Amino acid sequence: MNERAEPQDLNAAIRQHSEWLAGQLHAQRESLFPPDAQKAMRKFTSGEAAGLLGVNDSYLRKLHLDGKGPSPELTPGNRRLYSAENIQDLRVLLEKTARKPGDYLPGRRDGDHMQVIGVMNFKGGSGKTTTSAHLAQHLALHGYRVLAIDLDPQASLTALHGVQPEFDLDEGGTLYDAIRYDDPAPISSVIRKTYIPNLDLIPGNLELMEFEHETPRALAQGHAGLFFFRVKEALSQVDDAYDIVVIDCPPQLGFLTMSALSASTGVLVTIHPEMLDVMSMSQFLRMTADLMDVIAESGADMSHDWMRYVLTRYEPADAPQNRIVAFLRTMYGEAVLNAPMLKSTAISDAGLTKQTLYEVERSAFTRSTYDRAMESLNALNDEIAALIQKTWGRE
Ligand SMILES: Nc1ncnc2c1ncn2[C@@H]1O[C@H](COP(=O)(O)OP(=O)(O)OP(=O)(O)O)[C@@H](O)[C@H]1O
Ligand SMILES: [Mg+2]
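The paragraphs below set out a description of the structure included in this document. (Residues numbered from 1 in each chain as written. Chains lettered and ligands numbered in written order. Predicted model: local features only at pLDDT ≥ 70, side-chain atom pairs only at ≥ 80, totals over all residues.)

A closer look at the overall build of the protein
Scanning the protein from N- to C-terminus turns up 14 helices and ten strands. In summary, the protein has a C-alpha radius of gyration of 23 Å against a globular reference of 21 Å for 395 residues, a match within 12%. In terms of principal-axis extent, the alpha carbons of the protein reach across some 80 × 60 × 50 Å. Sorting the 395 residues of the protein into buried and exposed places 38% on the buried side. Taking contacts inside the protein between residues at least 6 apart in sequence as the whole, the part at least 24 apart equals 77%. (Helix = DSSP H or I, 4+ residues; strand = E, 2+ residues; numbered from the N terminus. Rg over C-alpha atoms; globule rule 2.2 N^0.38 Å. Buried ≥ 20, exposed ≤ 12 C-beta atoms within 10 Å, placed from the backbone. Contact = placed C-beta atoms within 7 Å.)

The following block contains the structure:
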């Protein structure tokens, strides 16, 4: 006769699984990445550096020969390699004699407001984190002062920047500290420098979920105030320090996302052009509009500078995807960014080693694969940078 299985506590089983997984992940990381290893940005070839600066390589060479600006590293073959810091130093140098102000340091000038870009869609896996990370790094490497915020308890953006949400953040350190109702901390206390000049990070981890739990309680007790302005208010403390803030939102339309939306001056909705994704986006848009109506009724100003759809993981050879892209472009016109983010193994493989494509060497991939992905990312990010410039009244 078969014995009945003893019922087991679900919570105990889940806890056990969580501990096994955390242990394995930790061991894996220790072997791949010693605990004191710091992530570092790779060096750039002189051609790449010239491309980032928008000058000719021969001009960079002349500066080097004349002893002007930072000294690049020289390879045994006498090639020049520039660090991201070198490139930033060159920006400062070149800006002094620029033909147009802002050619090399394109950030805010007097009267320009800080741009806060919320990257959202409640569809999981629609490319929010990939879009946020590449955008933030691209802008920083182009001379903007950038703050990247991980607002997702899953903390993928955090991990991508070499901070381990489960080990490096055991005593707070996420945006939650600065937006909680009880004794919020100054936002500066949760901002960290990264290995990329001009790029700071506010990491995320599960603690962010507290905001989802506490907000209904605070609302019921009548002391939530304008809960949806908590991110905006926290950011106002560092308004002078950044040109652009990029917020990677969680895949749900909760209080965190609403608060990010209310803080945003620009909104990017990531959309993978497949039917199921487009159908769920329709719900996302309707729910967002409903929620924003409620917020607007409380007298809040819901104005923003722009909202755009980013096509993600796009495969131009896929006929059904093309039909959906055509449909979205017809319906939404210029609200769909021209440059899509192409699907590429270069982007997904870089992600597996917790890197963006900007961090991996070109030699790590087949050249054409790398170049195609890089061109697509640059075109997309340049288009977003142009929108930002336009918002500041520059073409
Ligand atoms: N352009 C691309 N080419 C290939 N793979 C991609 C591309 N963009 C994203 N991916 C992969 O798709 C997966 C989901 O992407 P991503 O994490 O950016 O989505 P997300 O919207 O942030 O997800 P979540 O909703 O869980 O936060 C990741 O494994 C990522 O590496
Ligand atoms: Mg994500």
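Describing the site of ligand 1
Near ligand 1 there are 21 residues, and of these Lys 128, Thr 129, Thr 130, Pro 251 and Gly 351 occur at the shortest range. For the shell around ligand 1, the secondary-structure elements that each account for two or more residues are α5 (128-141) and α13 (345-352). Residue classes in the shell around ligand 1 are distributed as four nonpolar, 13 polar and four charged. (Near = placed C-beta within 6 Å. Nonpolar A, V, L, I, M, F, W, Y, C, P; charged D, E, K, R; others polar.)

Considerations on unusual backbone geometry
A positive phi angle is found at Ala 155, which is not glycine, with a value near 60 degrees. Structurally, Ala 155 can be placed in the loop between β5 (146-150) and α6 (156-160). With 25 C-beta atoms packed within 10 Å, Ala 155 lands in the buried category. The phi torsion at Asn 198 lies on the positive side, around 75 degrees, for a residue other than glycine. With respect to the secondary-structure elements, Asn 198 resides in the loop between β6 (192-193) and β7 (199-202).

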